[in-house]
Amino acid sequence: MKRLIILSLMTFSILAGFGQHFEGKITYRNAYKSKMPNVTDEQFTGMMGSTQEYFIKGGDYKSLFNGSLLQWQLYINEDNKLYTKMSDSEAAIWNDGAMNSDEVLKSEINKEVVDILGYKCDELILTCKSGMQKYYFNTKLSVDAKLFANHKFGNWYDFVSRTNSLPLKFIYDSPQFYLESIATDVHSEPIDKSLLTLPVGTKTEKSPY
């Protein structure tokens, strides 16, 4: 189960004013459908969280979850590490952003396929070894893709290098589960740098996966 949770975390790594690169907060609603006979949809969503608050400033980002297992996730650009804190571990585990066990086999973009919160979104479809990933984005929520050139983990650079944007909706379809994440609120605001640092006293250890 722990390894499955780590795999699902990759999907989140799978987000200033407009016209500049987006700085602020996006709130998402997450819903999982389990493909495992011993885990229900409700159990999966309960562990991982039905809501996600995503904060980004430059090349750093942090997500807060309301899951019973998953608490938060933090990417520190300078270290190129993605830290994940779960309730059953005292330490935050980290993954090397340069490492990626997945691979994008094919990509395609479809123009203006859905409206989300008033944003007309294009669709990026990535066919990967791990399954299908779909991102829905609008370039008004832009990011500097160059900042994430070393962030291969979770196919994140594969996404931002093709879109230069944050997702307003995300679908991940794997053999173990199906996830649909959609933005419910977008708020452009200055983010305090202290939010995007490891809490004082946090123990860390390298992920075994």
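Since the model is a prediction, treat every value here as computed from it, not as a measurement. (Residues numbered from 1 in each chain as written. Predicted model: local features only at pLDDT ≥ 70, side-chain atom pairs only at ≥ 80, totals over all residues. Heavy atoms only, no water.)

(A) Quick look at unusual backbone geometry. A positive phi is found at Asn 80, a non-glycine position, where the angle reads about 50°. A relative accessible area of 11% means that Asn 80 is categorised as buried. Phi is positive for Asn 164, close to 50°, though the residue is something other than glycine. With respect to the helices and strands, the residue Asn 164 is situated in the loop between α3 (156-163) and β10 (165-173). (Buried < 20%, exposed > 50% of the residue type's maximum accessible area, 1.4 Å probe, protein only. Helix = DSSP H or I, 4+ residues; strand = E, 2+ residues; numbered from the N terminus.)

(B) Here's a closer look at the packing of aromatic side chains. Under the definition given, this model contains 15 aromatic pairs. Relative to Phe 177, the ring of Phe 44 has its centre 5.3 Å away and its plane inclined at 50°; by these criteria the two rings are tilted. Placement of the pair is Phe 44 in helix α2 (residues 41-48) and Phe 177 in strand β11 (residues 177-188), with a sequence separation of 133 residues. Overall, the relative accessible area of 1% leaves Phe 177 in the buried class. Between the aromatic rings of Phe 137 and Phe 159, the centroid separation amounts to 6.4 Å while the plane-to-plane angle is 80°, which identifies the pairing as edge-to-face. On the criterion of sequence distance, the pair formed by Phe 137 in strand β9 (residues 131-142) and Phe 159 in helix α3 is long-range, its members being 22 residues apart. The pair formed by Phe 137 and Phe 159 is uniform in burial state, with each residue classed as buried. (Phe/Tyr/Trp six-rings, centres within 6.5 Å; stacked < 30°, edge-to-face > 60°.)

(C) A look at the side chain of Gln 133. Looking at where Gln 133 falls in the secondary structure, it is placed in strand β9. When its relative accessible area of 3% is taken as the criterion, Gln 133 is described as buried. Leave out the neighbours within four places in its chain, and Gln 133 touches Asp 102, Leu 124, Ile 125, Leu 126, Cys 128, Gly 154, Asn 155, Phe 170, Ile 171 and Tyr 172. (Contact = heavy atoms within 4.5 Å.)

(D) Highlighting the pairing of strand β2 (residues 51-57). Inspection of the sheet shows strand β1 (residues 24-34) paired to β2 by six bridges, in the antiparallel sense. Bridging across to β2, Arg 29 finds its partner in Thr 51. (Pairing = 2+ DSSP bridges.)

(E) Seen up close, the sheet that holds β9. An order of β7-β8-β9-β10-β11-β1-β2-β3-β4-β5-β6-β12 is seen for the 12 strands of this open sheet, with the pairing classed as mixed. Only two strands of the sheet have a single neighbouring strand rather than two, namely β7 (104-116) and β12 (204-206). Direction aside, the axes of adjacent strands within the sheet are offset by 20° on average. Pairing between β9 and β10: seven bridges, direction antiparallel. Bridging across to β10, Tyr 136 finds its partner in Lys 169. The strands touched by α2 within the sheet are β1, β3 (60-65), β4 (70-76) and β11, with β1 carrying the most contacts at an inclination of about 150°. In the packing of α3 onto the sheet, the strands contacted are β2, β3, β7, β8 (119-128), β9 and β10, and the crossing angle to β10 comes to about 135°. (Axes fitted to C-alpha atoms, helices over the stretch in contact; angles between N-to-C directions.)

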